[in-house]
Structures are given as structure tokens and as C-alpha cells.
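Observations on the model geometry
So the chains spell out like this:
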Amino acid sequence: MATAATTSHPAPRGACPFAPPPAYQQAQQDEPVTRVALWDDSPCWLITRYQDARAVLADPRFSADATRPGFPFLTAAARQLSVGKTSFIRMDDPEHAHLRRMLTGDFTLRKTAALRPAVQQAADELFDRMTTGRTAADLVAEFALPLPSLVICLLLGVPYQDHEFFQRCSRTLLHRASTVAEVAAAQDSLTTYLDTLTESKRTDPDDGILSRLVARGELPTEEIGAMGRLLLIAGHETTANMTALSVLALLRHPDQLAHLRAHPDSTPAAVEELLRWLSIVQTGVVRVAVEDAEVGGVLIRAGEGVICQINTANRDDERYPDGDALDLTRDTRRHLAFGFGVHQCLGQPLARLELEIALDTLLRRLPDLHLAVPFEEIRFRHEMTVYGIESLPVAW
């Protein structure tokens with residue numbers, strides 16, 4: 001059993017910007033439950049294999065509660081985010097389950113399917129605006145980012161004209177290089193904005209989630225605002241980055257792109273494989289042990305932090321043979337891109353819908369889609385919690 005940190009977290013990526021850090025891939029082979037050193041040199045356990053990560057995320061002996069001693073904050077700024085009213089993803093049951101149940105009805109498969117016409121209309125309008133009279137564009141700025149932003153604003157009851165503000169706050173909150181002061185300012189700004197907006201719903205209600213939570217009369221304004229902050233950030237950042245990275249990955253794998261074009265009905269399966277292969281929450285999913293527990297033959301003691309490294313777990317050859325290969329025909333069921341257990345991503349049906357519509361719209365209407373710059377000029381978001389690319393210049 002390892003007793004000292006063997007590498008730092010996060011480790012740098014290697015030559016392939018789509019692949020997990022080589023140090024983590026090596027750990028998966030040599031010492032799948034290993035020690036890493038965090039930003040403040042504190043030790044933490046890194047879980048790199050699929051079965052181990054899945055077991056930890058389903059085990060109540062590993063807590064998501066950021067107030068527990070030993071919880072592994074990945075940056076000093078991340079610790080700042082735990083100050084004040086946190087969202088339910090940083091709580092354990094029963095409090096977590098109580099708050100989550102207030103939202104599950106908004107993200108059921110049936111409710112999400114009913115959104116398809118509206119999401120398709122938004123995608124078509126953005127596509128027309130991007131392509132009319134033009135042969136090139138930045139896919140991130142003009143399609144991948146505005147589509148999920150429009151949708152989550154519609155669902156929450158947030159004015160889309162404020163998107164530049166909340167996207168700027170989100171970027172600060174998710175950037176690992178943001179200082180404590182910068183994160184505190186962004187958090188305060190977004191909290192004030194959402195608290196004010198929530199209060200306005202008491203006298204000017206609409207059909208959005210914030211209004212519905214207000215109408216229930218169970219939660220104070222600041223708790224509704226915290227839930228809104230989580231949904232607003234997660235609801236656009238993850239899908240926007242997945243959309244852009246997915247398009248880039250397909251352009252870099254022309255055989256897979258050709259398969260998808262030839263079999264457009266396979267788009268849902270393709271989305272699952274892209275989710276597995278990219279696994280964009282690059283810093284992993286953090287927990288803290290509340291009891292002694294054995295994982296992969298290693299004893300993790302109460303009070304020790306744990307990081308489930310999803311991008312390596314989802315490429316584990318024991319679960320997905322030849323896991324480093326992008327194969328749109330493989331069986332990708334039960335991947336961990338949305339986490340696992342009681343904290344599994346609430347909005348995953350919506351994310352899947354948006355990705356399916358985005359890819360289908362782009363590939364169906366742009367048969368000659370290609371990069372407008374050399375691949376080497378693409379700037380990847382290495383310093384962000386949610387992996388992605390800064391811009392994606394494409395032409396057609």
C-alpha cells in the first residue's frame with residue numbers, strides 16, 4: 001500500500017489532448033488506488049479504475065459533504081465555494097435527497113422529451129444565424145455555448161440577455177487558477193443576482209423552476225438561489241464543452257464521423273461513446289471517507305480524501321476493451337461520465353438531448369464541416385475544472 005504521494009493532482013496531460021494525464025493512466029496499471037498531493041501538499045487517494053470508482057461513488061461511507069473534516073478541496077478557491085449556502089451536491093442524504101426530489105420532476109425522461117421541439121428550434125435558429133451568408137465561424141461562441149445557455153435559462157426562468165454575466169462568473173468559478181478573492185467576488189455576484197431574481201418571482205412568477213420552488217413555500221430565498229446557481233452553471237458549461245469537444249473529436253476521427261453520417265439514427269449511441277471517451281470533468285469527483293473502507297485492496301481511513309478520476313475509469317480496458325479508442329459502435333452502457341450513485345447528475349437526460357440535437361443538426365446540415373485552422377492551433381482549457389476548448393474555428 002502506498003503511504004506517500006507519488007504525483008501531483010491535477011497532473012498534466014500528454015501529447016494527446018483528448019487522453020487523460022499519462023501519470024494517471026500509468027497509475028491505473030501499476031497502483032490503481034494511489035496517493036497524490038493536492039495544491040497545498042495535502043495527501044489524497046486517487047481512484048483510477050472503473051470498478052473501484054463505481055464502488056466508491058455508491059458507498060455511503062464516502063461523503064460528498066464539503067463541511068466534513070478531511071474533505072479534499074482541489075484548490076484554495078474551491079474551499080471558498082464551500083463558504084455560505086452550498087448546493088445539494090455537497091450534501092449527504094437525507095438533506096441531499098430532500099432537496100434533489102424538488103427538482104427530479106423537471107428532468108425526467110418524459111419531461112425532457114417534451115422539450116425536444118423547443119431545443120431543436122433553438123438549435124436551428126442558432127445554426128441559421130451562424131451560417132447565413134457565411135462559410136466559417138467559431139462553433140463555441142456561436143453555437144455550442146449559446147444553445148445550452150438558452151435552454152437552461154428557459155427552464156430556470158433566467159433572462160437570457162444576462163448570459164454574458166453568468167458565463168463570466170461561471171468561468172471564474174471553474175478556473176483552477178482563479179484566486180480566492182476572484183472566486184469570492186464571482187460567487188457573491190452570482191448569488192446576489194440569483195437571490196434578487198428569486199425574490200422577483202414572488203410577485204412576478206413564470207413557468208420556470210425558480211418560480212416553482214418559490215411557490216412551494218418550503219425554502220428560503222438563499223437556498224433556492226443556491227440550487228439555481230448549481231443548475232445555471234452546470235446546465236450550460238458541461239454541455240457547451242461536450243458539444244465543441246465532440247465535434248473536434250469526430251473531425252479528428254474521420255472514420256467515426258463517416259459512420260455517424262451514414263447512420264444518423266445511431267446518434268444517441270454516439271453521444272454515449274463520446275461522453276465516455278471525453279469524460280470532461282477532468283479533476284475527478286471528490287469524496288471524503290467517514291468510516292474506514294477498503295477499496296481495491298487498499299485501506300482508506302475515516303477522514304481521508306478520495307478523488308475518483310472519471311476520465312481514467314471510463315477508459316479502463318477491463319470495463320471497455322481498447323478503452324483509449326473512440327468507437328461509436330461499442331456498448332458504452334454504465335459509463336461514469338455523469339457520476340454514479342445518489343449524486344449522479346440530475347440533468348443527464350437534458351444533456352443527452354442537447355448533445356444529440358446539436359450533433360445531428362451540425363452533421364446533417366453541414367456535410368463539408370471541417371477545421372478552419374490547423375489542429376495544433378486549437379487551445380484546450382487545461383486549467384478548467386470542466387475540460388473543453390476556448391474556440392473552434394470551423395468552415396464548410
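For the structure itself, consult the block above.
Quantities reported herein were computed from a predicted structural model and do not represent experimental measurements.

Regarding its fold elements, the protein chain presents 16 helices and 11 strands. Since a compact globule built from 396 residues should have a radius of gyration of about 21 Å, the 21 Å found for the protein chain is in line with a globular shape. Dimensions along the principal axes, computed over C-alpha positions, put the protein chain at roughly 60 × 55 × 40 Å. Burial status across the protein chain gives 55% buried among its 396 residues. Summed over all atoms, the accessible surface of the protein chain reaches about 16,700 Å², with 53% contributed by carbon and sulfur. Of the side chains in the protein chain, 39 bear a positive and 52 a negative charge, and the two mean positions are spaced by 2 Å.

What follows covers the sheet that holds strand 4 (residues 62-63). The strand order 1-2-3-9-6-4 describes an open sheet built from six strands, whose pairing is mixed. Of all strands in the sheet, those with a lone pairing partner are strand 1 (7-8) and strand 4, marking the two edges. Inspection of the sheet shows strand 2 (residues 33-37) paired to strand 3 (residues 43-47) by five bridges, in the antiparallel sense. Residue pairing in the sheet places Val 36 in a bridge with Cys 44 of strand 3. Contacts from helix 2 (residues 50-58) reach strand 2, strand 3, strand 4, strand 6 (285-289) and strand 9 (305-308), with the element oriented near 125 degrees to strand 9.

Once that is clear, we can look at the pairing of strand 9. Alternating positions in strand 9 separate into two faces, Gly 305 and Ile 307 on one and Val 306 and Cys 308 on the other, with burial throughout. Here strand 3 runs beside strand 9; their pairing, made up of three bridges, is parallel. Residue pairing in the sheet places Leu 46 in a bridge with Ile 307 of strand 9. Direction of pairing for strand 6 relative to strand 9: antiparallel, over a ladder of four bridges. By the bridge assignment for strand 9, Val 285 is matched with Cys 308.

Right, let's talk about the sheet that holds strand 10 (residues 370-371) for a bit. Pairing between the strands of a sheet comes from backbone hydrogen bonds, and it takes one of two forms, parallel or antiparallel. The three strands are arranged 5-11-10 in an open sheet whose pairing can be described as antiparallel. One side of each edge strand has no neighbouring strand; the edge strands of this open sheet are strand 5 (136-138) and strand 10. Judged from the three bridges that link them, strand 5 and strand 11 (residues 393-395) form a sheet pairing that is antiparallel. Counterpart to Ala 136 in the pairing with strand 11 is Ala 395.

Let us look at the packing of helix 6 (residues 116-131) against helix 16 (residues 348-365). Orientation of helix 6 relative to helix 16, taken along the N-to-C sense of each, is 40 degrees, at an axis distance of 10 Å. Taken together, the axes of helix 6 and helix 16 lie oblique to each other. Both helix 6 and helix 16 take part in a crossing whose hand is right-handed. Across the interface between the two elements, Arg 116, Val 119, Gln 120, Ala 123, Asp 124, Phe 127, Asp 128 and Met 130 from helix 6 touch Leu 353, Glu 354, Glu 356, Ile 357, Thr 361, Leu 362, Arg 364 and Arg 365 from helix 16. For the contact of helix 6 with helix 16, a count of residues per class yields seven nonpolar, two polar and seven charged.

Further remarks concern the side chain of Arg 100. Its location among the elements puts Arg 100 in helix 4 (residues 95-104). For the buried Arg 100, which has no salt bridge, the nearest side chain bearing the opposite charge is Asp 93, at an N-O separation of 7.8 Å. Polar side-chain contacts of Arg 100 include one of 3.5 Å to the backbone oxygen of Val 342. There is a polar contact of 2.7 Å between the side chain of Arg 100 and the backbone oxygen of Gln 344. Among all residues touching Arg 100, those that are not within four sequence positions of it are Phe 88, Val 342, His 343, Gln 344, Cys 345 and Leu 346.

Moving on: helix 9 (residues 163-174). Between its terminal C-alpha atoms helix 9 stretches 16 Å, which fits the 16 Å expected from 12 residues at 1.5 Å a residue. Within the span of helix 9, buried status applies to His 163, Phe 166, Gln 167, Cys 169, Ser 170, Leu 173 and Leu 174. On an axial view of helix 9, the arc spanned by its buried residues comes to 160 degrees, and they lie on one face. Within helix 9, the exposed residues directed more than 90 degrees away from the buried face are Glu 164 and Arg 168. Close packing links the buried residues of helix 9 with helix 3 (76-81), helix 8 (146-156), helix 10 (180-203) and helix 12 (221-252).

Here strand 6 lies mainly inside the structure; four of its five residues are buried. The pairing of strand 4 with strand 6 spans two bridges and is antiparallel. Within strand 6, the residue paired with Ser 63 across the bridge is Val 288.

Looking now at the packing of aromatic side chains. For the structure on display, the rule yields eight aromatic pairs. Geometrically, the ring pair formed by Phe 18 and Trp 277 is tilted, given 5.3 Å between the ring centres and 35 degrees between the ring planes. With a gap of 259 residues between them, Phe 18 in the loop between strand 1 and helix 1 (22-30) and Trp 277 in helix 14 (residues 267-278) connect regions that are remote in the sequence. Here Phe 18 falls in the buried class, since its relative accessible area comes to 5%. Each ring, one from Phe 380 and one from Tyr 387, has its centre 5.9 Å from the other, and the planes form 20 degrees; the classification is stacked. Taking the relative accessible area as the measure of exposure, Phe 380 reaches 12% and is therefore buried. The positively charged end of Arg 319 is found above the aromatic ring belonging to Tyr 320, 4.7 Å away from the centroid.

Parameters at a glance
Residues numbered from 1 in each chain as written. Predicted model: local features only at pLDDT ≥ 70, side-chain atom pairs only at ≥ 80, totals over all residues. Heavy atoms only, no water. Helix = DSSP H or I, 4+ residues; strand = E, 2+ residues; numbered from the N terminus. Rg over C-alpha atoms; globule rule 2.2 N^0.38 Å. Buried < 20%, exposed > 50% of the residue type's maximum accessible area, 1.4 Å probe, protein only. Areas by Shrake-Rupley, 256 points an atom, 1.4 Å probe, with all protein chains shown as cover. Lys, Arg positive; Asp, Glu negative; His and termini not counted. Charge placed at Lys NZ, Arg CZ, Asp CG, Glu CD. Pairing = 2+ DSSP bridges. Contact = heavy atoms within 4.5 Å. Axes fitted to C-alpha atoms, helices over the stretch in contact; angles between N-to-C directions. Parallel < 35°, antiparallel > 145°, perpendicular 65-115°, else oblique. Left-handed = near helix turned anticlockwise from the far one by under 90°. Nonpolar A, V, L, I, M, F, W, Y, C, P; charged D, E, K, R; others polar. Salt bridge = Lys/Arg side-chain N within 4 Å of Asp/Glu carboxyl O. Polar contact = N/O pair within 3.5 Å; in protein donor to acceptor, adjacent residues only side chain to side chain. Expected span 1.5 Å × (residues − 1). Arc of directions from axis to C-beta. Phe/Tyr/Trp six-rings, centres within 6.5 Å; stacked < 30°, edge-to-face > 60°. Lys NZ or Arg CZ within 6 Å of the ring centre and 35° of its normal.

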